[in-house]
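Architecture at a glance
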Amino acid sequence: QEFCLQLVEEIGSTSRDSHTIVFTSPTCPEQLWLDKTLLHHILANLLSNAVKYSPQGGSIQFGLQCQPDQVIFRVQDPGIGIPPEDIPQ
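Residues numbered from 1 in each chain as written. Predicted model: local features only at pLDDT ≥ 70, side-chain atom pairs only at ≥ 80, totals over all residues. Heavy atoms only, no water.

1. Examining the overall build of the protein chain
Looking only at helices and strands, the protein chain features 2 helices and 3 strands. Counting helices and strands in the order they occur from the N terminus, the protein chain gives α-β-α-β-β. The principal-axis extents of the C-alpha atoms in the protein chain amount to approximately 35 × 35 × 25 Å. By the burial criterion, 30% of the 89 residues in the protein chain qualify as buried. (Helix = DSSP H or I, 4+ residues; strand = E, 2+ residues; numbered from the N terminus. Buried < 20%, exposed > 50% of the residue type's maximum accessible area, 1.4 Å probe, protein only.)

Below, the structure is given as structure tokens:
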């Protein structure tokens, strides 16, 4: 959770005037063992794209959910989305 909050602060510091990133994590333990470098790269790209392709003033939802055998990260934004014909790619 701390890692995600730091990431929100990092991405949010460049977009604070134009977008809001809301982080939620209702079900996770205090510590998880994940590849921090790789995870930072992936999530920073997803959050940066959410900011880049969302209308000004948009709210970006960033969530972390933990289950016994998996961790789920979600990024949801009010952006233009992916055209249906490009989804298979």
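Here the narrative resumes, following the displayed structure.
2. Notes on helix 2 (residues 36-52)
The first and last C-alpha atoms of helix 2 sit 23 Å apart over 17 residues, in line with the 24 Å expected at 1.5 Å per residue. Among all positions in helix 2, only Leu 39, Leu 43, Ala 44, Leu 47, Ala 50 and Val 51 are buried. For helix 2, the angular spread of the buried residues around the axis is 125 degrees, confining them to a single face. For helix 2, the exposed residues lying more than 90 degrees away from the buried face are Thr 37 and Lys 52. Backbone nitrogen of Thr 37 and a side-chain oxygen of the N-cap are separated by 3.2 Å at the start of helix 2; the cap is Asp 35. (Expected span 1.5 Å × (residues − 1). Arc of directions from axis to C-beta. Polar contact = N/O pair within 3.5 Å; in protein donor to acceptor, adjacent residues only side chain to side chain.)

3. Quick word on the environment of Leu 5
With respect to the helices and strands, Leu 5 occurs in helix 1 (residues 2-15). Linking Leu 5 and Leu 38, residues 33 residues apart in sequence, is a C-alpha distance of 16 Å.

4. Some thoughts on the environment of Pro 68
Summarising the element assignment, Pro 68 is placed in the loop between strand 2 (59-67) and strand 3 (70-76). Linking Pro 68 and Glu 9, residues 59 residues apart in sequence, is a C-alpha distance of 28 Å.

5. As for the nonpolar core
Formed by 18 residues in total, the largest nonpolar core has its most connected members in Leu 7, Ile 11, Ile 21, Leu 47 and Phe 62. Those elements that provide at least two residues to this core are helix 1, strand 1 (20-24), helix 2 and strand 2. Per-element tally for this core: the top contributor is helix 2, with 6 residues. (Core = buried A, V, L, I, M, F, W, Y, C linked by side-chain atoms within 4.5 Å.)

6. Topic: the sheet that holds strand 3
Sheet strands associate in pairs through backbone hydrogen bonding, adopting either a parallel or an antiparallel arrangement. Across the sheet, which stays open at both edges, the 3 strands sit in the order 1-2-3 with mixed pairing between neighbours. Strands at the two margins of the open sheet, each flanked by one partner only, are strand 1 and strand 3. Mean inter-strand twist for the sheet, computed between neighbouring axes without regard to direction, equals 10 degrees. In terms of strand pairing, strand 1 meets strand 2 through 5 bridges, oriented parallel. In the sheet register, Ile 21 faces strand 2, and the bridge partner there is Ile 60. (Pairing = 2+ DSSP bridges. Axes fitted to C-alpha atoms, helices over the stretch in contact; angles between N-to-C directions.)

7. Let's talk about the pairing of strand 3
Inspection of the sheet shows strand 2 paired to strand 3 by 7 bridges, in the antiparallel sense. Residue pairing for strand 3: Leu 64 is matched across the bridge by Phe 73. The hairpin formed by strand 2 and strand 3 contains 2 residues between the paired strands.

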